Amino acid sequence: MKKIIAGWLDSDIGYSFRTSPVAMAAALVALICIFCSVFAGFVAPHNPFDLTTLELSDARLPPAWSEGGSSKYLLGTDDQGRDILSALMYGARISLAVGFASVVLSVVVGVGFGLLAGFYGGWIDSALMRLCDVMLSFPAILVALLIAGVGRALFPNAQDSLALAVLIVSITLTGWVQYARTVRGSTLVERNKEYVQAARVTGVTPLRIMRRHVLPNVMGPVLVLATIQVATAIITEATLSFLGVGAPPTSPSLGTLIRIGNDYLFSGEWWITVFPGVMLVTISLSVNLLGDWLRDALNPRLR
């Protein structure tokens, strides 16, 4: 493992990372957020979703440094007496899980369709690109709202895992198009190169050519796009949860926490919605900055 890390740091991308303070700071912030969310059960001072530990007398307490605050709740509590800091860690876990899962599914579907469209061309290319045009003609959030709403209507008593699955699918249906169009454009260039022609002459099957030869050479733009799309997926999930069709109330994400706090924003309990919003912005900004750095690091013209 040490050799792998040392080899990566000595590479061109590793050197670009070591010489970019913005990328290093963004990576540090992203790692801290991911660590706190993944290990929320060990890091969080309270379990905000354990009903036996909630005390309604502690509801809507301000942050510890404000008048009336308690050192027991560093960032205050919400309307049910849940610790805001702990709720942020548990809520970020759901937001990150939905964001990463939807991006992975979008990459699998989009890259597969893009390879088929770019390598074979003809009616396959036309049909898949027209499908992409249809998907792009609808606002992404509208499609996600429709799918999430239909899923909740069909499964009104669904468990939390099924509700999250519907949310992931709804975001995936609006996210695969960009990967498909990106990979198609790169595949159109790669399929006419000499190494692909040589593989065809030697009798290599088209599926093996796409998997072993074309795919590795078109993954650069996909990695950059996937990094940036993680932040977009997290924001989309937060938007759906804010509108009430995202994560279930029993397992609230950052969007759900913002929606709950929005009801108390103008009554003076600003911390209930401000801190989840700051957490959402922090995660999205750090991931976007990493995506911008990766785009520049993989661009040979900037080396």
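Here goes a summary of the coordinates provided. It should be emphasised that the depicted structure is a prediction, and the values quoted were computed from it without experimental measurement.

Below, the discussion takes up the overall build of the chain. Check the secondary structure of the chain and you find 12 helices and zero strands. The C-alpha extent of the chain, read off along each of the three principal axes, is 75 × 50 × 30 Å. For the chain, the proportion of its 303 residues judged to be buried stands at 42%. Counting only contacts in the chain whose residues sit at least 6 apart along the sequence, the fraction spanning at least 24 positions is 70%.

Turning our attention to the packing of aromatic side chains. The full count for this structure, using the stated rule, is seven aromatic pairs. The interplanar angle of 85° and the centroid separation of 6.3 Å between the aromatic rings of tryptophan 65 and phenylalanine 275 together place this pair among those described as edge-to-face. Of this pair, tryptophan 65 sits in the loop between α4 (40-43) and α5 (84-120) while phenylalanine 275 sits in helix α12 (residues 271-297), and the two are 210 residues apart along the sequence. Tryptophan 65 gets classed as exposed once you look at its relative accessible area, which sits at 55%. Linked through ring pairs, Trp65, Trp270, Trp271 and Phe275 together constitute an aromatic cluster.

Grouped together as the largest cluster of nonpolar side chains are 48 residues, with contacts concentrated most on Leu88, Leu254 and Ile283. Secondary structure elements with two or more residues in this core: α5, α7 (140-154), α8 (160-190), α9 (194-201), α10 (206-242), α11 (254-262) and α12. It is α10 that contributes the most residues to this core, 13 residues altogether. Contacts of leucine 254, omitting those with residues within four sequence positions, involve Leu88, Gly91, Ala92, Ser95, Pro276, Met279, Leu280 and Ile283. Ranked by size, the runner-up nonpolar core spans 10 residues in total, among them Ala27, Ala30, Trp293 and Ala297.

So, on to the environment of proline 276. Mapped onto the elements, proline 276 comes out in helix α12. Separated by 185 residues in the primary sequence, proline 276 and glycine 91 have C-alpha atoms spaced 8.7 Å apart.

For serine 241, the location among the structural elements is in helix α10. Within the structure, the side chain of serine 241 is placed 2.7 Å from the side chain of glutamate 237, a separation counted as a polar contact. A distance of 3.1 Å separates the side chain of serine 241 from the side chain of serine 253, its partner in a polar contact.

Before going further, it helps to examine the side chain of threonine 77. Residue placement: threonine 77 occurs in the loop between α4 and α5. Engagement of the side chain of threonine 77 in a polar contact is seen with the backbone nitrogen of arginine 60, the distance being 3.1 Å. For threonine 77, the contacting residues outside a window of four places in its chain are Asp58, Ala59, Arg60, Leu61, Arg82, Asp83, Ile84, Trp271 and Ile272.

We now examine the pattern of salt bridges. As enumerated under the stated definition, the model contains seven salt bridges in all. We note a salt bridge from arginine 295 to aspartate 292, for which the minimum N-O separation is 3.7 Å. Taken together, the residues span about one helical turn, with arginine 295 and aspartate 292 both in helix α12 at a distance of three residues. You can call arginine 295 partly exposed: its relative accessible area is 43%. On the accessibility criterion, aspartate 292 (30% relative accessible area) is partly exposed. Linked by salt bridges that have partners in common, Arg130, Asp133 and Arg181 make up one network.

What follows concerns the packing of α10 against α12. Put simply, α10 and α12 touch, their axes get as near as 8 Å, and they point 165° apart. Judged on the interaxial angle alone, α12 and α10 are roughly antiparallel. Where α10 crosses over α12, the handedness of that crossing is left-handed. On α12, the residues that touch Leu223, Val224, Thr227, Ile228, Val230, Ala231, Ile234, Ile235 and Ala238 of α10 are Leu280, Ile283, Ser284, Val287, Asn288, Leu290, Gly291, Asp292, Leu294 and Arg295. Across the contact of α10 with α12, the residue classes tally to 13 nonpolar, four polar and two charged.

A grouping of Phe35, Val38, Phe39, Phe42 and Val43 is seen on the molecular surface, where their side chains present a nonpolar patch of about 520 Å² in accessible area. Those elements that place two or more of their residues in the nonpolar patch are α3 (21-38) and α4. As for its position among the elements, phenylalanine 39 is in the loop between α3 and α4. The class for phenylalanine 39 is partly exposed, based on a relative accessible area of 37%.

The rules behind the values
Residues numbered from 1 in each chain as written. Predicted model: local features only at pLDDT ≥ 70, side-chain atom pairs only at ≥ 80, totals over all residues. Heavy atoms only, no water. Helix = DSSP H or I, 4+ residues; strand = E, 2+ residues; numbered from the N terminus. Buried < 20%, exposed > 50% of the residue type's maximum accessible area, 1.4 Å probe, protein only. Contact = heavy atoms within 4.5 Å. Phe/Tyr/Trp six-rings, centres within 6.5 Å; stacked < 30°, edge-to-face > 60°. Core = buried A, V, L, I, M, F, W, Y, C linked by side-chain atoms within 4.5 Å. Polar contact = N/O pair within 3.5 Å; in protein donor to acceptor, adjacent residues only side chain to side chain. Salt bridge = Lys/Arg side-chain N within 4 Å of Asp/Glu carboxyl O. Axes fitted to C-alpha atoms, helices over the stretch in contact; angles between N-to-C directions. Parallel < 35°, antiparallel > 145°, perpendicular 65-115°, else oblique. Left-handed = near helix turned anticlockwise from the far one by under 90°. Nonpolar A, V, L, I, M, F, W, Y, C, P; charged D, E, K, R; others polar. Patch = residues over 30% accessible without salt bridge, like charges linked within 9 Å, V, L, I, M, F, W, Y side chains within 5 Å. Areas by Shrake-Rupley, 256 points an atom, 1.4 Å probe, with all protein chains shown as cover.

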